[in-house]
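# Observations on the three-dimensional arrangement
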2 protein chains.
Amino acid sequence: MASLARAAGVAASTVSRALRNDPRISPDVRDRIVALAQEVGYTPNILARSLVGGSSGLIGLVLGPVDNPFYAELMQRAVTQAAARGWRLLLVHAGPGPIEQATADALLQYRVDGCLITSAELSSRAARICRDNQVPLVMVNRVAWEHGSAVSCDNDAAGALLADLLIEAGHRRLAVVSGNPTTSTSIERADGFIRRVRAAGLPEPLRFGGVNSHAKGFEAGQVIAALPAPDRPDAVLGVSDLIAMGIMDALREAGIAVPGEISVVGIDGVAAARRPPYRMTTVAQPLEDMMERALDLLNARMNGVHRADEVVTLRGDLVIGQSARLPARLTAG
Amino acid sequence: MASLARAAGVAASTVSRALRNDPRISPDVRDRIVALAQEVGYTPNILARSLVGGSSGLIGLVLGPVDNPFYAELMQRAVTQAAARGWRLLLVHAGPGPIEQATADALLQYRVDGCLITSAELSSRAARICRDNQVPLVMVNRVAWEHGSAVSCDNDAAGALLADLLIEAGHRRLAVVSGNPTTSTSIERADGFIRRVRAAGLPEPLRFGGVNSHAKGFEAGQVIAALPAPDRPDAVLGVSDLIAMGIMDALREAGIAVPGEISVVGIDGVAAARRPPYRMTTVAQPLEDMMERALDLLNARMNGVHRADEVVTLRGDLVIGQSARLPARLTAG
DNA sequence: TTGAAAGCGATACCAG
DNA sequence: CTGGTATCGCTTTCAA
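Residues numbered from 1 in each chain as written. Chains lettered and ligands numbered in written order. Predicted model: local features only at pLDDT ≥ 70, side-chain atom pairs only at ≥ 80, totals over all residues. Heavy atoms only, no water.

### Points about the relation of the copies chain A and chain B
- Overlaying chain A on chain B yields an RMSD of 0.1 Å, the required transformation being a rotation through 180° with an accompanying axial translation of 0.0 Å. The transformation just described matches what one would write down for a two-fold rotation axis.
- Of all interface residues in chain A, 100% are interface residues in chain B too; the two copies therefore contact each other through one and the same surface. (Least-squares fit on C-alpha atoms with pLDDT ≥ 70 in both. Contact = heavy atoms within 4.5 Å.)

Laid out in structure tokens, this is it:
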């Protein structure tokens, strides 16, 4: 920058202002400097800028296991929307394993302006670090931990809605395949579902699960398929599309027609579940809006202003596929 | 850091050295400082360090469309392996669209030590920026562009291997569904396949394609299914697993048995293709090794040392699934 | 083995 | 409107 200033015959501070469109710089001087910068291929060093300015322009991103396409879709939204706000993502973790200390430390070392945690599990270490250092924190698809704001889909309502629809369509023996029993997302979805089944006076739903994976759904599907027909459920909720896909695969492999003999529904609305051969009936998370709100929450907390932690819940969108028998009023149109 | 130095009764430079395990600092002083830093929760500011040191510890990551799970898997490897080397990823792009100028600029603004481009398409802008600014660049799953090194799977060999196996197993009417006609990956895979088909004296393979997506594979599958039986191919290669999954879905939906009536094979080895209901016979890219080599290449070019661009090609691993009829010698075991 | 001082590249305040 | 100067947090000579 010094050499640029010399070449332009002005002071460094003038260059600095010109390049950031400071209003109180004369247009002609600014144009000359901008042109010169362009010419010599000068790019401001954000690291140096952050040093004095305080803000790094970085958002830490902690991702969950990306074998669940939901996280991949979330990530894509995060990159795009963050870029639109002039922020960059520091990707510090992606995967199922616990986040390491060195990794969590990076959030502080790089002075991230905020942190986005999308993993339903294992986020505690990163969350603690953010709390201890007043780094704004927003969790997506996850209930707020001790500290931090959160944006999620109304999981309970999603489960309840699907239960209502299945029941209205005449299903009587329902089942639910859960994910990780320690994650709020999985629990709430199952709870909402089960509550409505009970409210309808139907028998207690069968319950399976333990991990949020295709394999676990497949396993549950095999067990269900092996049940003698009278005991066999006529409708199953996979608490995630990934699980629901596994269920459906197992049932079909066992020669059971979906939705002919058993209806299957999921939650998330990932692309893979919506296309053939699944055409899943599911409740899609409003990803675009969720990320928008998440970044809003971060933004509001980024300039040093303290604000109370905030929890935002958005309603999901019912996606009518062909994996479940639904009330005629929905399928007629 | 100044306050830390004051509290410890030493100079800032001593603190700096102590925290980085400089050998020429007395152990007791170092321990005292480290303990104190721990106590007050001090974290070094890497931005400031980079300012003087030169290296930011950041690797720019440009990702392709993550609806293809291949890119998601690649990303997970990238994060893990980069972390193991003490690097962090600056995620500047993910998705199908072209990379924007502002995004590409971020690579320079944050002074990334190197750049990893995994998108088979649209990487030119980022690549150009790296070239113009001597930022080490490695492309993964993509042939080298004008500038930069590259690591990829031997795509041609993968296509050739699958053709050989299908032919050996007795298939006679082959077809190939390509991806984006401008990407080296897609072209090479198809070329290898077609070359072997010709070499075997079989009729010219049917060709479909245009985009690397499930939808495009599905479309091609529908067309294939609609062909009158005598013209219908008895084996199809989808140049990516994503495409192959689409093909298989369409065929099965049309009531055609896979692999009973038509064999389907893919390339990539993504998790989704290997599990039920696909159980794809495919050539898996050695992701772990590819990322390892990619980071090696970056590392060798990162400390200012100039090295010639390098291209590394790794052989893929045949994954025997159940989506294709294969020679008995392979399926016997 | 430790300390003092000079930067690294930018911004911001205070003058002019 | 523009120029000097202190400063951000850390590393790195150069001395002691």
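That was the structure; now back to the text.
### Brief notes about the UniProt feature "domain: HTH lacI-type" (unreviewed entry) in chain A
- With numbering aligned to this structure, UniProt lists the feature "domain: HTH lacI-type" (unreviewed entry) at residues 1-53 of chain A.
- From the first C-alpha to the last, residues 1-53 of chain A spans 17 Å; its make-up is 70% helix and 0% strand. (UniProt positions renumbered as here; feature names shortened; annotations may be inferred. Helix = DSSP H or I, 4+ residues; strand = E, 2+ residues; numbered from the N terminus.)

### Quick word on the protein's contact with DNA strand D
- Around DNA strand D sit 26 residues, and of these Thr14 of chain A together with Met1, Ser16, Tyr42 and Arg49 of chain B come closest.
- Backbone atoms, meaning sugar plus phosphate, form 64% of the atoms of DNA strand D positioned within 4 Å of the protein.
- In the environment of DNA strand D, a phosphate oxygen lies 2.5 Å from a nitrogen or oxygen atom belonging to the side chain of Arg49 of chain B.
- Contributions of two or more residues to the surface near DNA strand D are made by α2 (12-19) and α4 (46-53) of chain A together with α2 (12-19) and α4 (46-53) of chain B.
- Here the residues of the surface near DNA strand D are counted per class, giving 12 nonpolar, eight polar and six charged. (Near = heavy atom within 4 Å. Polar contact = N/O pair within 3.5 Å; in protein donor to acceptor, adjacent residues only side chain to side chain. Nonpolar A, V, L, I, M, F, W, Y, C, P; charged D, E, K, R; others polar.)

### Structural notes on the protein's contact with DNA strand C
- In the neighbourhood of DNA strand C, 25 residues make up the surrounding shell, with Met1, Ser16 and Tyr42 of chain A together with Thr14 and Ser26 of chain B lying closest.
- Protein-adjacent atoms of DNA strand C, using a 4 Å cutoff, are sugar or phosphate at a proportion of 69%.
- Between Met1 of chain A and DNA strand C, the recorded distance is 3.2 Å, taken from a backbone N or O atom to a phosphate oxygen.
- Arg20 of chain A is positioned such that a nitrogen or oxygen atom in its side chain is 3.2 Å from a phosphate oxygen of DNA strand C.
- Considering each element in turn, the surface near DNA strand C owes the most residues, four residues, to α4 of chain A.
- Here the surface near DNA strand C is built from residues that sort into 12 nonpolar, eight polar and five charged.

### Remarks on the domain arrangement of chain A
- Assigned domains of chain A: these are domain 1 (2-44), domain 2 (55-153 + 286-315) and domain 3 (155-285 + 318-331).
- Measuring from the centre of the C-alpha atoms in domain 1 of chain A to the corresponding centre in domain 3 of chain A gives 61 Å. (Domains from an automatic or database assignment.)

### Considerations on the sheet that holds strand β6 (residues 174-178) of chain B
Residues and elements named next belong to chain B.
- Read across the sheet, six strands follow the order β7-β6-β8-β9-β10-β12 without closing on themselves; strand pairing throughout is mixed. Either end of the sheet is taken by a strand with one partner, and the two such strands are β7 (206-209) and β12 (317-319). Going across the sheet, the axis of each strand differs from the next one's by a mean of 20°, ignoring polarity.
- Relative to β12, strand β10 (residues 281-284) is paired through three bridges, and the arrangement is antiparallel. Following the sheet pairing, Val283 is matched in β12 by Leu318. (Pairing = 2+ DSSP bridges. Axes fitted to C-alpha atoms, helices over the stretch in contact; angles between N-to-C directions.)

### Observations concerning unusual backbone geometry
All names here are of chain B.
- Residue Pro259 follows Val258 across a cis peptide bond; omega there is 10°.
- Tracing the backbone through its elements, the reader meets Pro259 in the loop between α11 (241-253) and β9 (263-268).
- Pro277 follows Pro276 through a cis peptide bond whose omega is 5°.
- With respect to the helices and strands, Pro277 occurs in the loop between α12 (271-274) and β10.

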